[in-house]
Amino acid sequence: MEIDLRLESSLWVGRKRYLAVLTGWHLQWTEVDKKNRQRKTTSVPVSELIGVEDGRVEILPGKSVEDADHDFTVFYVRRSSSGGSYGLLWRFSRTQFSCASRALRDQWTSYLRTALKTHSPSRPHRLLVFINPFGGKKKGRHIYHSLVAPLFELAGISSHVIVTERANQARDHLLKKDLSGFDGVVCVGGDGMFSEVMHGLIGRTQQEAGLSENDPNVKLQPCNLHIGIIPAGSTDCVCFATVGVNDPVTSALHIIIGDSQPLDVCSAHHPTVPVHYSVSLLGYGFYGDVLAESERHRWMGPLRYDFSGAMVYLSSRSYAGVVHYLPADPLLSSPRDNIRCLSGCSVCTKSTERLLPHPTVSESVNSFHCSQYSSDSSEGEWVSVAGRFRCVSFTCMSSSCPRSPLGLSPSAHLADGTGDLILVRESHPLSFLKFLHRHTSTQDQFDLPFVEVHRVKAFRFSLPPGEEEDGCEDMERGATRQRENQDTQCVMDIETKSRTGSQQQLTERGSGAYRERGDWRGKKALFCGPCCSETPSVSVWNCDGEILPFSEIQCRVHGQLVHLYARGIEDKAAIVS
Ligand SMILES: Nc1ncnc2c1ncn2[C@@H]1O[C@H](COP(=O)(O)OP(=O)(O)OP(=O)(O)O)[C@@H](O)[C@H]1O
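Residues numbered from 1 in each chain as written. Predicted model: local features only at pLDDT ≥ 70, side-chain atom pairs only at ≥ 80, totals over all residues. Heavy atoms only, no water.

*Asks:* Is there a simple way to explain the overall build of the chain in this structure?
*Replies:* A count of helical and extended segments in the chain gives 15 helices and 25 strands. Counting all 577 residues of the chain, 59% fall into the buried class. Sequence separation of 24 or more characterises 75% of the internal contacts of the chain that already satisfy a separation of 6 or more. Put simply, the chain shows about 24300 Å² of open surface, and 51% of that area lies on carbon and sulfur atoms. (Helix = DSSP H or I, 4+ residues; strand = E, 2+ residues; numbered from the N terminus. Buried < 20%, exposed > 50% of the residue type's maximum accessible area, 1.4 Å probe, protein only. Contact = heavy atoms within 4.5 Å. Areas by Shrake-Rupley, 256 points an atom, 1.4 Å probe, with all protein chains shown as cover.)

The structure is reproduced here in structure tokens:
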């Protein structure tokens, strides 16, 4: 039954009279002066109303209600400039209206609540919230309870809050516990926490669908539950690249109104370890080395990334390898087309899922090495590039962050089923520095002769023919000699505590495979510091901030595998506040 939600009447805000109109999709109120002339109008889409309360209500610093029976309060989203950031900050505004009678007040509140139910139906009612109390500046708990929980309460959202006591608790909970009744999962923390939640949800979804997520050729099932990110980490890159700002209140408001942003996810496979997922960075060479190096300097705090970056830069390493990639359709978009993926992006909207055709499970079992070199023409033509690379990076999103406002690949799209593969060949140290520096400015980092970028649906990295992955032993031998000779601790053992302060996720996730075979890796040196004279011949992968201690990898993009409570970066110029 169609509900006629039009309501129009005079309302008062303080001493001023307004003509207020609810059309179903919008609530607007226009000031009317003493001569009955209409002045300024405020218009709020129903989808951006946060809540409606009887009386004159305040919610911060604590909730207070003055129960005047002619009054009601409307809370809604207001945008404001974020200063330096790319996106817009969302704030909540409230207007306290007075009506001519209690009956009219009741009519207004009932119409507004009905409008919210019928015209904004995808709002969450029940959320599972994980707070990492140790993420970023260790303010996750405070951020949630002081800034987010009061807004959830106002919006009528009930939440089950779990403050984590160990790394991977959120992931394990999502894999094993009953999730019925929840509309979404919220993580309060940084990119590592998001990654945990994403791995848990994707894994759970595949379990329930009876799919083997470790099979690189299986088409994964998209997750039903949305993920909300309340930024409280050190970098919060995923939040920044999907909202445009790292701001807990902005993110909470996107969750409340049930915004939905699909997100492509890249699965990274190696035959001996469980699958890993990445959305922001899969990086071999420079980015792998920086992460490995930074693990040795955790005591430095966030400074360790700058320090390690400098150390690895100075070591000026490059690595031999062969990259095979499956190009995406160049007619649809390209990493050099200067089209930014903004809210309502037409490339993502138009994109039909353009993933690989999928062989049956039996065809693909144990096919890692075979499929590395096979080519199925129905997928499109694979392209190979061999050489020495400073870094091989892959991202499913721009990966913009406050330090690199345009990101690793400024024109990458959040949800078009592709990712950007960036190959940086061996180059003069100053040229490489120029490449790195361009990430912090608006200069085009791809406009350099030793850099190439490709929009792809899948890629593989292998060591050059003849070199096997156990070539890591060179690195071990070199490093061991170095330890003996120089009494230096320049080797990182993968079994040291990871960034999480916990045992490497890899070893924990390894339901046998990694652990059984993994001892050689576990005990082996994976990274030599720049002080070593014998440089390692292989690097490791940086997978969204986690180390994957191997070189050969097989990756593919799964279009729109997860959904975030977000709407992409809003175009400041297009939004009239
Ligand atoms: N209670 C806990 N104790 C130790 N580690 C935890 C706990 N809860 C979560 N973790 C782990 O901490 C890691 C880092 O957390 P998080 O991402 O929230 O913060 P961060 O590292 O400061 O931020 P960013 O990832 O944005 O750089 C995550 O990988 C997560 O698995």
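*Asks:* How do you make sense of the environment of leucine 112 when you look at a structure like this?
*Replies:* Residue placement: leucine 112 occurs in helix H1 (residues 102–119). A C-alpha to C-alpha distance of 8.8 Å links leucine 112 and glycine 51, two positions 61 residues apart in sequence. Setting aside residues up to four positions removed in sequence, leucine 112 forms contacts with Leu22, Leu27, Leu49, Val52, Phe72 and Val74.

*Asks:* Just to check I follow, could you spell out the packing of aromatic side chains for this structure?
*Replies:* Where two aromatic rings form a pair, the distance of their centres and the angle of their planes describe that pair. With the rule as written, the count across this model stands at 16 aromatic pairs. On the numbers, 5.2 Å between centres and 75° between planes, the contact of phenylalanine 286 with phenylalanine 432 is edge-to-face. One end of the pair, phenylalanine 286, is in helix H7 (residues 286–295); the other, phenylalanine 432, is in helix H12 (residues 429–438), and 146 residues separate them in sequence. As far as the burial class goes, phenylalanine 286 and phenylalanine 432 line up, both buried. Between the aromatic rings of phenylalanine 432 and phenylalanine 435, the centroid separation amounts to 6.0 Å while the plane-to-plane angle is 20°, which identifies the pairing as stacked. Remark: phenylalanine 435 and phenylalanine 432 occur in helix H12; sequence separation between them is three residues, near one turn of the helix. Assigned by exposure class, phenylalanine 432 and phenylalanine 435 land together as buried. Taken together, the ring pairs in this structure connect Tyr284, Tyr319, Phe394, Phe459, Phe461 and Trp541 into an aromatic cluster. One Lys or Arg, arginine 460, reaches over the ring of tryptophan 382 and ends 4.1 Å from the middle of that ring. (Phe/Tyr/Trp six-rings, centres within 6.5 Å; stacked < 30°, edge-to-face > 60°. Lys NZ or Arg CZ within 6 Å of the ring centre and 35° of its normal.)

*Asks:* Help me out: how do you make sense of the environment of alanine 167 in this one?
*Replies:* Secondary-structure assignment places alanine 167 in the loop between strand S11 (158–163) and helix H3 (169–176). Separated by 35 residues in sequence, alanine 167 and asparagine 132 have C-alpha atoms that sit 8.6 Å apart.

*Asks:* Looking at this model, I keep getting lost on the pairing of strand S9 (residues 88–98). Mind explaining?
*Replies:* Across a regular strand the side chains alternate sides, sitting on one face of the sheet and then on the other. Burial of S9 is extensive: nine of the eleven residues sit out of reach of the surface. In terms of strand pairing, strand S8 (residues 71–81) meets S9 through eleven bridges, oriented antiparallel. In the strand pairing of S9, arginine 79 is matched with tryptophan 90. (Pairing = 2+ DSSP bridges.)

*Asks:* Can you help me understand unusual backbone geometry in this one?
*Replies:* Look at asparagine 36: it is not a glycine, yet its phi comes out positive at around 65°. Here asparagine 36 shows up in the loop between strand S3 (26–32) and strand S4 (38–45). Residue classification places asparagine 36 among the exposed residues on the basis of a relative accessible area of 53%. Although it is not a glycine, glutamine 560 sits at a positive phi angle of roughly 55°. The residue glutamine 560 is located in strand S25 (residues 553–564) in this model.

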